[in-house]
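What the coordinates show
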Amino acid sequence: MKTKRNSIDKLKTLLFGKDLRITEGDAFREEYEFDYTSYLPLNEYIFEQEMPKENAYFITDFGAIAYDKSVDNSKNINACIDECSKNGGGFVVVCGGDYTTKTVELKSNVILFIEKNSSLVAEESGEGFSHPALIYAKNCENIGFSGGGTINGMGHLFGRKPLLDKNITEPAEVIDVIQMRIDSRAQLRFAHPSKYGRLVLFEDCKNININNIILYDSAYWTLKLTRCDGVSIENLVINDNRHTANTDGIDMLQTSNAKIKHCFISCADDGICIKNAIWEGCNGEMKNIHISDCEVITRANAFKIGTETTHKISNITVENCKFYMTDLYPGTVSGIAIESADGSEVSDIHIKNIEMNRVTCPIFIRLCNRNRASKVDENSASAIEFGKKVKGKGVDKKVFDMKGSVHDILIENINAKEIEIPVMIAGFRQRGKTKRVKNITLKNISLEYANRPEIVDKRLFIPEYAEEYPESWRFRNLPSYAIWARHAQNLKIENFTCSPAPNTHRKEKIFIDVI
């Protein structure tokens, strides 16, 4: 068991930032053991729901046929939705089996009711989808899902073979963040060109109600809400292949007045993610989001603000949640990640009563100056998803340069076990200027460090990484084990403990340029 890097190992660390991305090969359809979570408490979230008796429109009355993969039912389902909407709205009912379909487009005042044990299933070729999603809505109001059934994206069919032939399920003997990142990416299925898009995409919609539904095996971001207002999500289960690259759970972009309550999310990428970026079509602030009573299992970040952030994000509350990894290694990258990388003001965030287990970094608060808006536009931002070079031109680089800020954050009552790197709080210094995160309070934080040896990763200095993608793993093994903070102002820490201390003679806490 090696705990010190030799000369060759040190040379390899220079390639740590190089992305491991498989960009060649056919679509890989095989599923590995533990691609999907072994812990799935469906009965705690999904319940029997009475079939609607009034204003109910059945897709079978419009010719939909179950249990036949050769049939594309999208025309039949969309005809049913049109008829329901034309008559003032109601319920479009999916019952009696599994229905293969391409894009289904919701209309105002229509709730898609999918009976428990029935489903809509994405057509396997990935061709001919009218929008980059299985379920799509734009400029609608009073829409949503219910019924206890499933929307199945067949996402595992649209990636390339991962580098490894099986998933890693046991922790490494030595905590080494460099190897951790390599192992994590070696298990991912990167996008094949046949990938049709997301599972659910709502744009410019109001009064969205999602309750008692399963979103399964997305090919990309599972539930994306862009420029929406008035959102209620409750009793939702997201169960994705945890190695389908870029498969987030819930993504909200410039979406305000939202409530997410009592949801179970298991996915490959960020669990619940708040973004607000100009290249994602965002043009204003987002605020008033309340998240509570959720369980999140993810290979990335459980709750995250960022990374794509150019416009203001404020008034966010997250409480009474559990963030963890059950059966894979590495575990979750970060439990709580609050980031401004591209010019956004992120403020007034309150996170409390969170349990974590096998989350590498429990809290990651980061202000940097990636300024991605100057490099990409709406058409080019996703090019890297398919292993292509980013093309196109963004806004003038001065528009968002050095404009970002992170301030007024309260995080309290956190209990995290099996952590592998410390809490990290970092602003940046660039071009002779220092930008600090401000007014951060950590209160009642209890950390339990993983009881395994660590690689000795001595460095003369920790780079600023001001223009790099912000992620806790980027900083590698740090010289402290409980908390590491740099470029912060008015940082308050109350009742903060971490045990046991690793046996590498590292300091418990390090504060650099904290005023």
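Residues numbered from 1 in each chain as written. Predicted model: local features only at pLDDT ≥ 70, side-chain atom pairs only at ≥ 80, totals over all residues. Heavy atoms only, no water.

Some thoughts on unusual backbone geometry
Cis peptide bonds are those with omega within 30 degrees of zero, and the linkage from Tyr329 to Pro330 qualifies with -5°. The amide bond that connects Ser499 to the next residue, Pro500, takes the cis arrangement and shows omega of -10°. Inspection of the secondary structure puts Pro500 in the loop between β30 (480-499) and β31 (507-514). The phi dihedral of Asn142 falls on the positive side, at around 60°, and the residue is not glycine. On the secondary structure map, Asn142 appears in strand β8 (residues 141-146). Look at His262: it is not a glycine, yet its phi comes out positive at around 50°. Position of His262 relative to the elements: it lies in the loop between β15 (256-261) and β16 (264-267). For His262, a relative accessible area of 18% corresponds to the buried category. (Helix = DSSP H or I, 4+ residues; strand = E, 2+ residues; numbered from the N terminus. Buried < 20%, exposed > 50% of the residue type's maximum accessible area, 1.4 Å probe, protein only.)

Description of the pairing of strand β25 (residues 405-419)
As paired elements, strand β23 (residues 345-357) and β25 share eleven bridges and run parallel to each other. Bridge assignment links Ser347 to a residue of β25, and that residue is His407. Bridge count between β25 and strand β29 (residues 437-449): ten bridges; the pairing is parallel. Bridged to Ile411 within β29 is Leu442. (Pairing = 2+ DSSP bridges.)

Let's talk about the environment of Pro52
You can see Pro52 is positioned in the loop between α2 (42-45) and β1 (56-58). Here the alpha-carbon distance between Pro52 and Asn357, two residues 305 residues apart in the chain, equals 41 Å. Setting aside residues no more than four positions away along its own chain, Pro52 makes contact with Phe91, Val93 and Phe113. (Contact = heavy atoms within 4.5 Å.)

Regarding the pattern of salt bridges
Throughout the structure, instances matching the rule amount to 25 salt bridges. Among the ionic pairs, Asp204 bridges to Arg227, the shortest N-O distance being 2.8 Å. Taken as a pair, Asp204 in the loop between β10 (198-203) and β11 (206-216) and Arg227 in the loop between β12 (223-226) and β13 (229-239) lie far apart in primary sequence, 23 residues in all. With relative accessibility at 24%, the residue Asp204 sits in the partly exposed group. A single network of salt bridges, built from pairs that share partners, joins Arg29, Lys69 and Glu124. (Salt bridge = Lys/Arg side-chain N within 4 Å of Asp/Glu carboxyl O.)

Some details on helix α3 (residues 74-86)
One turn of the α-helix equals 3.6 residues, which is why residues spaced by three or four share an orientation. With 13 residues, α3 should cover 18 Å at 1.5 Å per step; its first-to-last C-alpha distance of 18 Å lies within 8% of that length. Buried within α3 we find Ser74, Asn76, Ile77, Asn78, Cys80, Ile81 and Cys84. Where α3 is buried, its residues contact β1, β2 (90-94), β3 (98-101), β4 (104-105), β5 (110-114) and β6 (119-122). Directly beyond the C-terminal end of α3, a positive phi value near 100° is found at Gly88. (Expected span 1.5 Å × (residues − 1).)

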